[in-house]
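Residues per chain are reported as follows:
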Amino acid sequence: MKKLVISLLFGHTVLFSCQTEEGNEKLADAGQTVGKSAATIAKSVKSGIEQATKIKIDLSENLKNRGLSTGKITLGSKGGRHNLLNVYMIFDKKINRNVTMKVLDAEGLELGRTKVLVKGEPGDAKFIDFVFDTRTNIDRDNKIIME
């Protein structure tokens with residue numbers, strides 16, 4: 001019984017101290033600190049996921065020498081599988097040629113290949129889609145080569 005009375009008095013004190021201006025300020029400060037910490041954690045988790053799922057393409061030296069580079073690369077679906085690479089291409093020189101994209105699995109075995117006519121003038125930049133066979137399923141850990 002004594003413990004019950006002490007618990008009720010303690011709870012009553014906490015409840016009423018939160019209703020004072022000073023109690024409300026302390027709660028607001030604590031809430032802001034928790035909110036900032038949660039936002040920092042969420043941002044770090046998002047950054048880690050983006051790094052882990054980033055798609056990287058190995059561009060051949062021949063294409064680099066022709067003034068071609070890449071920007072953002074996204075993986076999409078066509079026909080129910082992840083078989084579409086959307087590549088932002090940047091042109092430092094004029095180019096008008098077929099570009100081949102290959103996808104290799106973890107053991108280095110080729111599992112997909114497609115060819116696209118790429119045209120661009122110096123200073124141009126645009127997205128170009130590389131669509132693979134519907135049986136090709138590109139995973140984020142595949143090696144992707146552009147030649």
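Residues numbered from 1 in each chain as written. Predicted model: local features only at pLDDT ≥ 70, side-chain atom pairs only at ≥ 80, totals over all residues. Heavy atoms only, no water.

(A) Representation of the packing of aromatic side chains in the model. Per the counting criterion, the structure on display carries one aromatic pair. Ring geometry for Tyr88 and Phe127: centres 4.9 Å apart, planes at 65°, overall edge-to-face. Of this pair, Tyr88 sits in strand E3 (residues 84–91) while Phe127 sits in strand E6 (residues 125–131), placing them 39 residues apart in sequence. (Phe/Tyr/Trp six-rings, centres within 6.5 Å; stacked < 30°, edge-to-face > 60°. Helix = DSSP H or I, 4+ residues; strand = E, 2+ residues; numbered from the N terminus.)

(B) Region of the structure containing the side chain of Thr114. One can find Thr114 in strand E5 (residues 110–120). For Thr114, a relative accessible area of 13% corresponds to the buried category. A polar side-chain atom of Thr114 sits 3.0 Å from the main-chain carbonyl oxygen of Val131. Among residues more than four places away in sequence, those in contact with Thr114 are Val99, Thr100, Met101, Phe130, Val131 and Phe132. (Buried < 20%, exposed > 50% of the residue type's maximum accessible area, 1.4 Å probe, protein only. Polar contact = N/O pair within 3.5 Å; in protein donor to acceptor, adjacent residues only side chain to side chain. Contact = heavy atoms within 4.5 Å.)

(C) Local environment of the sheet that holds strand E1 (residues 57–59). Read from one edge of the open sheet, four strands run E1-E7-E4-E5, paired in mixed fashion. Of all the strands in the sheet, the pair left with one neighbour each is E1 and E5. Strand after strand, the sheet turns through a mean of 20° between neighbouring axes, direction not considered. Sheet topology note: the strand E4 (residues 95–104)/strand E7 (residues 143–146) ladder contains four bridges and is antiparallel. Bridging across to E7, Met101 finds its partner in Met146. (Pairing = 2+ DSSP bridges. Axes fitted to C-alpha atoms, helices over the stretch in contact; angles between N-to-C directions.)

(D) Representation of the side chain of Lys102 in the model. Here Lys102 lies in strand E4. Looking at Lys102, the relative accessible area reads 17%, which means it is buried. Looking at Lys102, its side chain comes within polar contact range of the side chain of Glu147, at 3.0 Å. If we skip the residues at most four places from it in the chain, Lys102 touches Glu110, Gly112, Arg113, Lys143, Ile144, Ile145 and Glu147.

Shape descriptors only; they carry no functional weight alone.
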